[in-house]
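# Overview (structure and organization)
Okay, here's what each chain looks like letter by letter:
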Amino acid sequence: MKLVMAIIKPFKLDEVREALTGIDVQGLTISEVKGFGRQKGQTEIYRGAEYSVSFLPKVKIEVAVAAAQADAVVEAIQKAGSTGRIGDGKIFVLDLEKAVRIRTGESGAEAL
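Residues numbered from 1 in each chain as written. Predicted model: local features only at pLDDT ≥ 70, side-chain atom pairs only at ≥ 80, totals over all residues. Heavy atoms only, no water.

Right, let's talk about helix H2 (residues 70–81) for a bit. With 12 residues, H2 ought to run about 16 Å at 1.5 Å a step, and its terminal C-alpha atoms sit 16 Å apart, in line with that. Residues Ala-70, Val-73, Ala-76, Ile-77, Ala-80 and Gly-81 constitute the buried set of H2. Within H2, the buried residues cover an arc of 125° as seen down the axis, which keeps them to one side. Across from the buried face of H2, at angles greater than 90 degrees, the exposed residues are Asp-71, Gln-78 and Lys-79. Where H2 is buried, its residues contact strand S1 (2–8), helix H1 (13–22), strand S5 (56–65) and strand S6 (89–95). (Helix = DSSP H or I, 4+ residues; strand = E, 2+ residues; numbered from the N terminus. Expected span 1.5 Å × (residues − 1). Buried < 20%, exposed > 50% of the residue type's maximum accessible area, 1.4 Å probe, protein only. Arc of directions from axis to C-beta. Contact = heavy atoms within 4.5 Å.)

So this is what it looks like as structure tokens:
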């Protein structure tokens, strides 16, 4: 099993969700996060004064999938989440040692 984590721009969330639904992903978790990477924040003007925003709003998506499905999930997120501009985000794939469905006690891939 794999845990796919992606940090994307917030306005791309619906497109990414639709792409994942299209490849039969059963569930995902979304968190609103803030961060910065190479773009190092941005400069904004408020009431005529310029100020720097160090952390930009992003959305973190976490999807637990069978190992065989991980590449398809990464590809779907990358295609749907891309704008072609700096700050599109990152995708991380981690090994998932164990998963348990609380309601039924199922574990492993059956719990996904």
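Next, the rest of the story.
Let us now look at the pattern of salt bridges. This structure, assessed with the given rule, holds six salt bridges. In this structure, the salt-bridge partner of Arg-101 is Glu-106, at a minimum N-O distance of 3.3 Å. Using a relative accessible area of 27% as the deciding quantity, one classes Arg-101 as partly exposed. Residue classification places Glu-106 among the partly exposed positions, given a relative accessible area of 33%. (Salt bridge = Lys/Arg side-chain N within 4 Å of Asp/Glu carboxyl O.)

Here we come to the packing of H1 against H2. Following both chains from N to C, one finds H1 and H2 inclined at 150°, their axes separated by 8 Å at the closest point. Here H1 runs over H2; the crossing is right-handed. Contacts from Glu-15, Val-16, Ala-19 and Leu-20 of H1 reach H2 at Val-73, Ala-76, Ile-77, Ala-80 and Gly-81. Residue composition of the contact of H1 with H2, grouped by class: seven nonpolar, one polar and one charged. (Axes fitted to C-alpha atoms, helices over the stretch in contact; angles between N-to-C directions. Left-handed = near helix turned anticlockwise from the far one by under 90°. Nonpolar A, V, L, I, M, F, W, Y, C, P; charged D, E, K, R; others polar.)

The antiparallel open sheet is built from four strands, whose spatial order is S2-S5-S1-S6. Edge positions in the open sheet fall to strand S2 (29–35) and S6, since each of these has one partner strand only. Within this sheet the neighbouring strands show an average axis-to-axis angle of 20°, counted without direction. Two elements, S2 and S5, share seven bridges in a ladder whose sense is antiparallel. Bridged to Ser-31 within S5 is Lys-60. The sheet strands contacting H1 are S1, S2 and S5, and the helix crosses S5 at an angle near 10°. (Pairing = 2+ DSSP bridges.)

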